[in-house]
Amino acid sequence: MKRKSNMDKQGRGKKLSVAAKVFLIVISVLLSLLVVAAFFAKYYLDKVNYAEKETSTFADKEVIAEYFPEESSSKSEEILKMDEKLKENAMSTEDSVNHKDVYNILVIGSDIRNKDEMGRSDAMILLSVNQKKKTIYMTSIMRDIYASIPGYGNNRINAAYAFGGADLLMETIKENFGVEVDKYISVDFYSFVDIVDILGGVDMEVSDEEVGIMNDYISELNRLNGREKDEYKLSGGGKLHLNGTQALAYSRVRYVGNADFERTNRQRKVLGQAFEKAKTADILTLNQLLNSALSKVTTNLDKSEVVSLMLKVPAWLKYDLESCRIPVEDSYQFMQVYGMSVLGIDFDKNRQYLKETIK
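**Details of the pairing of strand S6 (residues 153-156)**
On a regular strand, each side chain points to the face opposite its neighbour's, so the side chains alternate between the two faces of the sheet.
Next up, step 1: Bridge analysis of strand S5 (residues 146-149) against S6 gives four bridges, and the strand direction is antiparallel. Bridge assignment links Tyr146 to a residue of S6, and that residue is Arg156.
Next up, step 2: Hairpin connection, S5 to S6: the antiparallel pair is bridged by three residues, and Gly151 has positive phi, about 90°.

**So, unusual backbone geometry**
Next up, step 1: Between Ile326 and Pro327 the backbone carries a cis peptide bond, its omega angle lying at 15°.
Next up, step 2: Residue placement: Pro327 occurs in the loop between strand S11 (320-326) and strand S12 (332-337).
Next up, step 3: In this model, Tyr232 sits at a positive phi of 70°, which is unusual for a non-glycine residue.
Next up, step 4: With respect to the secondary-structure elements, Tyr232 resides in the loop between helix H6 (208-224) and strand S9 (238-242).
Next up, step 5: Residue classification places Tyr232 among the partly exposed positions, given a relative accessible area of 32%.

**Considerations on the packing of aromatic side chains**
Next up, step 1: Enumeration over the complete set of coordinates arrives at six aromatic pairs.
Next up, step 2: Ring centres of Phe261 and Phe334 lie 6.2 Å apart, and the angle between their planes is 75°; this geometry places the pair in the edge-to-face category. Residue Phe261 is found in helix H8 (residues 259-279), and its partner Phe334 is found in strand S12; the two are separated by 73 residues along the sequence.
Next up, step 3: Using a relative accessible area of 6% as the deciding quantity, one classes Phe261 as buried.
Next up, step 4: A relative accessible area of 55% places Phe334 in the exposed class.
Next up, step 5: Among the aromatic residues, those joined into a ring-pair cluster are Phe261, Tyr332 and Phe334.
Next up, step 6: Directly above the aromatic system of Tyr250 lies the positively charged group of Arg266, at a separation of 6.0 Å from the ring centroid.
Next up, step 7: Here the guanidinium or amino end of Lys312 rests over the ring plane of Tyr103, the centre of that ring lying 5.9 Å away.

Definitions and cut-offs
All chains use their own residue numbering, which begins from 1 and follows the written sequence. The predicted nature of this model means local features are confined to residues of pLDDT at least 70 and side-chain atom pairs, given and counted, to a pLDDT of 80 or more, with totals for whole chains, interfaces and linings taken over all residues. To obtain the side-chain values, all non-hydrogen atoms of the structure were included, while hydrogens and water were left out. In this analysis, strands are considered paired if DSSP registers two or more bridges between them. The way it works is that DSSP assigns letters per residue, a run of H or I at least four long becomes a helix, a run of E at least two long becomes a strand, and they are numbered from the N terminus. Relative accessibility decides the category of a residue: with a 1.4 Å probe and only protein chains considered, values under 20% of the type maximum give buried, values over 50% give exposed, and everything between is partly exposed. Between the rings of Phe, Tyr and Trp (Trp by its six-membered ring), a pair exists once the centres lie within 6.5 Å; its type follows the angle of the planes, with under 30 degrees stacked, over 60 edge-to-face, and the other angles tilted. Any Lys NZ or Arg CZ found within 6 Å of a ring centre and within 35 degrees of that ring's normal is scored as a charge over the ring.

Structure, rendered in structure tokens:
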């Protein structure tokens, strides 16, 4: 009996020993995975350009003068009335569109042609991620909207970026539309081209008239990138598969159709298709996308916020995507101020639209 008891003890000892070894192996594997994950996280995080808090006073006199070409000229009665409306709108005590279930990220497309310059906010798209509705609202803010820019008076809304960068633009959006923008991400022409190419291009219905304008933009991009002038040029319209350079040219077309209204629609079409492609991208494609795009992104997210965002993105890719633009239909008129064509809009109507939609 004693012998059997000793054998049982030895058996249990061996089982415990095996279990301990398995436990140690599991812990070792988990620790190794954590080390690898931390390495890759740091690798990706270090690629991002983290912006420090900007001031709204860095614009030089030449930049400001560009947006006030005829400041000394008298304003029309129509503009004076609009100025008064803007003043009332800026003083509004209405609660801002800020909800715990909605995360607002302003995506700024800068029209940088030279990699060493700052550029302007050629495209402004508010991504409102509604985690309750599981919907992402992609709202284009048209650059010619006549708006109140804190500290600079009234001007085109895209002048805010030229005067004080992304921080002033976020402040301007909040003052005029009552939307609390959580963070911003700024990308340039080169980022856009790379992203579309990595995702395998996009399919768009393009008219012959659009192709004529696109080819001019393609020539310009070829020159900036040291390629042959006619590379990637299109011979005619139709259902076309566009690479990054061609898709960027398509997104920039402004002088065909209803000017900037259709241009912002083109931008949303391209981004919408890129979003759908990202949903089914494999790990190698996503890795390539991160490697290429992150180094060309500037954001006021800090590293911990970027990590949090990256963890949420896989779930967000499953959300429905809806697109719209500001101003909404029947809420604007074309006006002239400082020798520029601007959009005078009904802010009450557009504020209400945003409030009802993204919440």
